[in-house]
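Listed below, chain by chain, are the residues.
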Amino acid sequence: MSDRKLAAIVLAAGKGTRMKSQRAKVLHEICGRPLAFYSIRRALQAGATPIAVVVGHQADAVEQAIRGAFDKGDIRFAVQKEQLGTAHAVRAAQGALKGHDGGVLILSGDTPLLTEATLRKLVEGKQR
């Protein structure tokens, strides 16, 4: 998208209680892929690297599903032990992005319809 360094944080720690399921929300599948796959893929397409995925509820299963879905890209994981809100989740990713000097996209792990064009406009708008 640009010459500026771009990283991403994908928020995937929540329980997803509105799903009425014991399974973490980001593990529910759409078209054979876990829900979080789509946000991570869009971040990669936008040129974000590294990508810090914040996990919490069912952290091991979420990490395993995501690692299994991607064979390329600098995808790192950060654990949010207690789900204390969005800002707390972003802060949990701080260590995973240590040393990054540039912009950071913050994406929800449950937005499968997010488009690359939307991210492109967001990043380009910020650079003005």
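Structure shown above.
The shown structure was predicted, so the numbers you read here are calculated from the model rather than taken from an experiment. (Residues numbered from 1 in each chain as written. Predicted model: local features only at pLDDT ≥ 70, side-chain atom pairs only at ≥ 80, totals over all residues. Heavy atoms only, no water.)

## Here's the deal with the sheet that holds strand β1 (residues 6-12)
With respect to topology, 4 strands assemble into an open sheet ordered β5-β4-β1-β6, the strand pairing being parallel. Each edge of the sheet is formed by a strand with only one pairing partner; in this case those strands are β5 (75-79) and β6 (103-108). Neighbouring strand axes in the sheet, compared pairwise and without regard to direction, differ in orientation by 25 degrees on average. The strands that helix α1 (residues 35-45) touches are β1, β4 (51-55), β5 and β6; relative to β4, the one it contacts most, it runs at about 165 degrees. Each of β1, β4 and β5 touches helix α2 (residues 59-69); the most contacted strand, β5, lies at about 175 degrees to it. (Pairing = 2+ DSSP bridges. Helix = DSSP H or I, 4+ residues; strand = E, 2+ residues; numbered from the N terminus. Axes fitted to C-alpha atoms, helices over the stretch in contact; angles between N-to-C directions. Contact = heavy atoms within 4.5 Å.)

## Some points on unusual backbone geometry
Cis peptide bonds are those with omega within 30 degrees of zero, and the linkage from T49 to P50 qualifies with 5 degrees. In this fold, P50 is placed in the loop between α1 and β4. Backbone geometry at Q58 places phi at a positive 55 degrees, although glycine is not the residue there. Judged by relative accessible area, Q58 falls into the partly exposed class, the value being 31%. (Buried < 20%, exposed > 50% of the residue type's maximum accessible area, 1.4 Å probe, protein only.)

## Some words on the nonpolar core
Counting 29 residues, the largest nonpolar core has I40, I51, V53, I66 and L105 as its most contacted members. The set of elements that each furnish at least two residues to this core consists of β1, α1, β4, α2, β5, β6 and α4 (116-127). Take this core: its biggest share by element is 5 residues, from α1. Those residues in contact with V53 that sit more than four places away from it in its chain are V10, A12, I40, I66, I75, R76, F77 and A78. (Core = buried A, V, L, I, M, F, W, Y, C linked by side-chain atoms within 4.5 Å.)

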